[in-house]
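Next come the chains, spelled out residue by residue.
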Amino acid sequence: MNPHLVQKLGFGLLALISLVVVIPILLVIGAILAQGAPAISAEFLTAMPRDGMKAGGILPAIVGTLLLTAGTGLVAIPMGVGAAIYLSEYARDTGLTRAVRLAIVNLASVPSVVYGLFGVGIFVLLLQFGTSILAGSLTLAIMTLPVIISTSEEALRAVPMEFRTVSASLGGTPWQGIRRVVLPQALPGIITGVILGLLRSAGETAPILFTVAAFYLPALPQSVMDQTMALPYHLYVISTQVPGMPLSIQFGTALTLLIYVLSMNVIATLIRGYFRRRREW
Amino acid sequence: MRRSRRTLVALRSGPEWAIEAIIRVLGVSTIGLVALIFIFLLTEGLPAFFEIPLGNLLGIRWYPTSELYGTLPLLLGSVLITVVAMIIAFPLGVCTAVFIREIAPAWAREILKPMVEVLAGIPSVVLGFFGMVVLAPVVREGLGAPTGLTTFTGALVLAYMALPTIISVAEDALDAVPKSYRDAGLAMGATEWQTIWRVVLPAARSGILMALMLGMGRAIGETMAVMMVTGNAARMPVGLDALLRPVRTMTATIAAEMGEVASGSTHYHVLFAIALILFVLVFAITLASASVMFRRRERGGLR
Amino acid sequence: MVETKIRVDHVSYWYSGNQALSDISLEVPARSVTVFFGPAGGGKTTLLRLINRLNAQLENTRMEGSILVDGEDIYAPTVSLPELRRRAGMVFALPLPLPGTIRQNVLYGPSLAGIRDRARLDGILYRSLVQAALWDEVKDRLDSPASGFSGGQQQRLCIARSLAVEPDILLLDEPTSGLDPISTAKVEQSLMELKEQYTIILVPHSVQQAARVADYAAFFLMGELVEQGSGEALFTRARDQRTEDYVTGRFG
Ligand SMILES: Nc1ncnc2c1ncn2[C@@H]1O[C@H](COP(=O)(O)OP(=O)(O)O)[C@@H](O)[C@H]1O
Ligand SMILES: [Mg+2]
């Protein structure tokens, strides 16, 4: 057969396959948007659940997810960015450094349910935090660390070595060079990585199953030692554990979670694009 | 304007020393964390191997309430669903990566890439929910399965969850093939299509293999979506109709039963043993692909 | 009697086992221009970087011998690297402005040293830019990004940036290699004025430049110091045949 005809057919086939990849994504988003949007109202977002969650709103789940994201960030950002700075700027290429890198790559692929188990064992039981926002945040933070570390390290390494040399040659200590030149340049990349990491943790269910999530708790948490509802777990519960749940509430919850996570995604993309255009080198 | 003589000796300032120390501690503590997770899984999981006869542990019946802890159906369930997911996702992912990198016009790329990123961002519980309420009925009606919650439904959802990983790693692999390879292919009179199949893809094969492995790692560890769409029946997934019957994975077992077990009980230890198996599986996959990744960057740090 | 600013004493240096300098001894006189010249790979950059210890950040390297600045051993364990580098400023082959404006670039060093006083900083900014023969060209654009200026202006900015920390010594590694002849002439002109105050070591980008600016010269060949002396002596009546060949362009 004519090779150019083959090429035409081949390209067409690949385009078709890409459509097969894309269309279900659109379907998922479209379906959730179409069926979830009517359910979302001011009451849905700001009221407590009623009638065994079959009516009312999902406020405690929203608040819980926001709190967990904040708690995760509070722990994971300083630790993760600190570790990234260590790896990129201080660590020499020794066996230990390689072990750390390998550890991070490995941590990134540990199944989230294993983090959940670890969280139960260490934070809930051993350290006696109980099922609490504290235990859940710490569990999610440990899960998020590898993402933050590896994206931040990449951003730091993308800053040309010469800037560090120039800073040192002007009498700067390593830390001065990092703080005044390297970090500002790497910041967009670090922020993007942090958001992507937090986004992932915000949508996770398995790590919070046994460390913090409450099935039904029609009150807002009062302290970090309280349990809380959370959007992902709530969606799981109302779609598998509660018979006779109105579909609209399920879709509304799914849409709320999707909007929360995807808007973080969009913010990260915007930040990255904005700074990429402004970069001076 | 001469300045008075300075000495070269100056004490290191206090806060700076402290900051550097903190950063070093943070860096090294990440490895401690991995060690901690592993040790913890070991101490909680290993007892299972002493408390339960091996024949029972490797048996085909998982009925913890009757002290039957056969993990084989769970292991096979995870393997089956992962393999089927990869059979679907790997060709789709690689072809899409080729399309994005080698063929697609700019506008198509501008649509495809963000879509894939969006897919990566959708929480697994949302995909599981979609699989339950939309996909499962279709599978039930369309394929005549008694219930829509089947191995196949799970594998389909898993395939799409693994796609972003496969696509982006494969894209990187294609990106790393020098342009001169393509030019050489075209210069010899081959069409772009022939060049892609005979030159570019073979040159990128180690990276594409890595895409497969990382996709597998992603799929085998997935929990919520799988738990929601596979029906969770702990029976041996054998026979031709296994695809259209419910199945239960290792991850779903942990997630479903962890809440009910008493800390320190045999059942509790078995769940940790399963987590240990998962951890080791994923660790092996990571190690295998790590060699490819480490070759990429070589540079010392600033002291 | 000329005052010796830097004394290099039997220095040898290895990059992971490959010797880059073997047994170098020389003295650099204060307030003059000394050129290190010779074919690429001779070790000139290496020696320059040893004088302000920029190589300290490299792994797998080894040094023997000692280097003294004003009689102090700069490799003594008590020496502070920032302090040493403030005393010996460095300008690199390519202009390397930091991200930021002209002002931020020049004042980077002083601000690291903790100088906050506005009037004093303005004084440093003015003096450094004038000394680097750049003031007239940038005085209206002090707060424009440094990346927007020409290569020649950027390189003089880098010189000004080094001068702003008030060093005694200026180490310049082929500072004009990327510049056009007019910019090169401007840089050389400012060097001539700077040597009244500073001890300058220059790695030239050509023999012609070496001959134009050298008060003293040292010829490096494959890690060895072949010959040193006054610039005039080396470029008109070299004692060693290899120097002679290189200076007259017969090298190869
Ligand atoms: N960072 C480095 N790592 C390893 N070898 C180096 C490094 N820098 C220079 N060298 C080697 O040291 C020798 C001297 O180099 P250099 O000092 O740059 O010479 P010159 O500046 O005279 O061209 C060369 O053989 C070069 O390859
Ligand atoms: Mg050089």
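Residues numbered from 1 in each chain as written. Chains lettered and ligands numbered in written order. Predicted model: local features only at pLDDT ≥ 70, side-chain atom pairs only at ≥ 80, totals over all residues. Heavy atoms only, no water.

Enquirer: Any chance you could explain the overall build of chain B here in plain terms?
Expert: Of regular secondary structure, chain B possesses 13 helices and two strands. Put simply, chain B has 303 residues, and 51% of those count as buried. If you take every contact in chain B between residues at least 6 apart in sequence, the share linking residues at least 24 apart comes to 71%. (Helix = DSSP H or I, 4+ residues; strand = E, 2+ residues; numbered from the N terminus. Buried < 20%, exposed > 50% of the residue type's maximum accessible area, 1.4 Å probe, protein only. Contact = heavy atoms within 4.5 Å.)

Enquirer: What is the right way to read the confidence of the model for chain B from this model?
Expert: The predicted coordinates of low-pLDDT regions are not to be read in fine detail. All names here are of chain B. Taken residue by residue, chain B gives an average pLDDT of 85. The fraction at 70 or more is 91%. Mean pLDDT values over the elements of chain B span from 82, in helix H1 (residues 14-45), up to 94, in helix H4 (residues 72-103). In this model residues 296-303 is a low-confidence stretch, pLDDT under 50, and it forms 24 contacts with partners more than four residues away in sequence or in other chains. (pLDDT = per-residue confidence, 0-100.)

Enquirer: It is not clear to me how the site of ligand 1 should be interpreted in this structure. Could you clarify?
Expert: Residue and element names in this part refer to chain C. Inspection of the region around ligand 1 gives Tyr15, Ala20, Ala40, Gly41, Gly42, Gly43, Lys44, Thr45, Thr46 and Leu58 as its neighbouring residues. Within the backbone of Gly41, a nitrogen or oxygen atom sits 2.6 Å from an oxygen atom of ligand 1. Contacts to ligand 1 include Gly42, whose backbone N or O atom sits 3.1 Å from an oxygen atom. When isolated, ligand 1 has an accessible area of 560 Å², and the protein chains bury 58% of it. (Near = heavy atom within 4 Å. Polar contact = N/O pair within 3.5 Å; in protein donor to acceptor, adjacent residues only side chain to side chain. Areas by Shrake-Rupley, 256 points an atom, 1.4 Å probe, with all protein chains shown as cover.)

Enquirer: Would you explain helix H5 (residues 112-126) of chain A in this entry?
Expert: All names here are of chain A. Over its 15 residues, H5 runs 20 Å from end to end, which matches the ideal 21 Å to within 8%, given 1.5 Å per residue. Taken as a whole, H5 carries its principal kink of about 30° at Gly119. Judged by how many residues are buried, H5 sits mostly within the fold: 13 of 15 residues are covered. Just downstream of H5, Gln128 is the residue with a positive phi angle, here 65°. (Expected span 1.5 Å × (residues − 1). Bend = angle between axes of the 7 residues up to and from the residue.)

Enquirer: What should I look at first to understand the sheet that holds strand S4 (residues 61-69) of chain C in this one?
Expert: Consider a sheet: its strands pair through backbone hydrogen bonds, and that pairing is either parallel or antiparallel. Residue and element names in this part refer to chain C. Here four strands make up an open sheet; going across it, the order is S2-S1-S4-S5 and the pairing antiparallel. Since the sheet does not close on itself, it has two edges, and those belong to strand S2 (18-29) and strand S5 (72-73), each with one partner. Summarising the sheet, strand S1 (residues 4-15) and S2 pair through eight bridges and their orientation is antiparallel. Pairing of Thr4 across the sheet is with Pro29, part of S2. (Pairing = 2+ DSSP bridges.)

Enquirer: I'm lost on empty space enclosed by the protein in this one. Help?
Expert: Empty space among the atoms can be located by rolling a probe the size of a water molecule over them. Residue and element names in this part refer to chain A. Under the criterion given, the structure shown has five cavities of 30 Å³ or more. Taken as a whole, the second largest cavity encloses approximately 60 Å³ of empty space. Surrounding the second largest cavity, Thr65, Leu68, Thr69, Thr72, Leu140, Ser201, Ala202, Glu204, Ile208, Ala230 and Pro232 form its lining. Take the lining of the second largest cavity: its biggest share by element is four residues, from helix H3 (residues 59-90). For the lining of the second largest cavity, the residue count by class is six nonpolar, four polar and one charged. (1 Å grid on protein atoms, 1.4 Å probe; cavity = no way out; pocket = protein on both sides within 12 Å on 5 of 7 lines; lining within 4 Å. Points joined across faces, edges and corners; volume = space filled by probe spheres on them. Nonpolar A, V, L, I, M, F, W, Y, C, P; charged D, E, K, R; others polar.)

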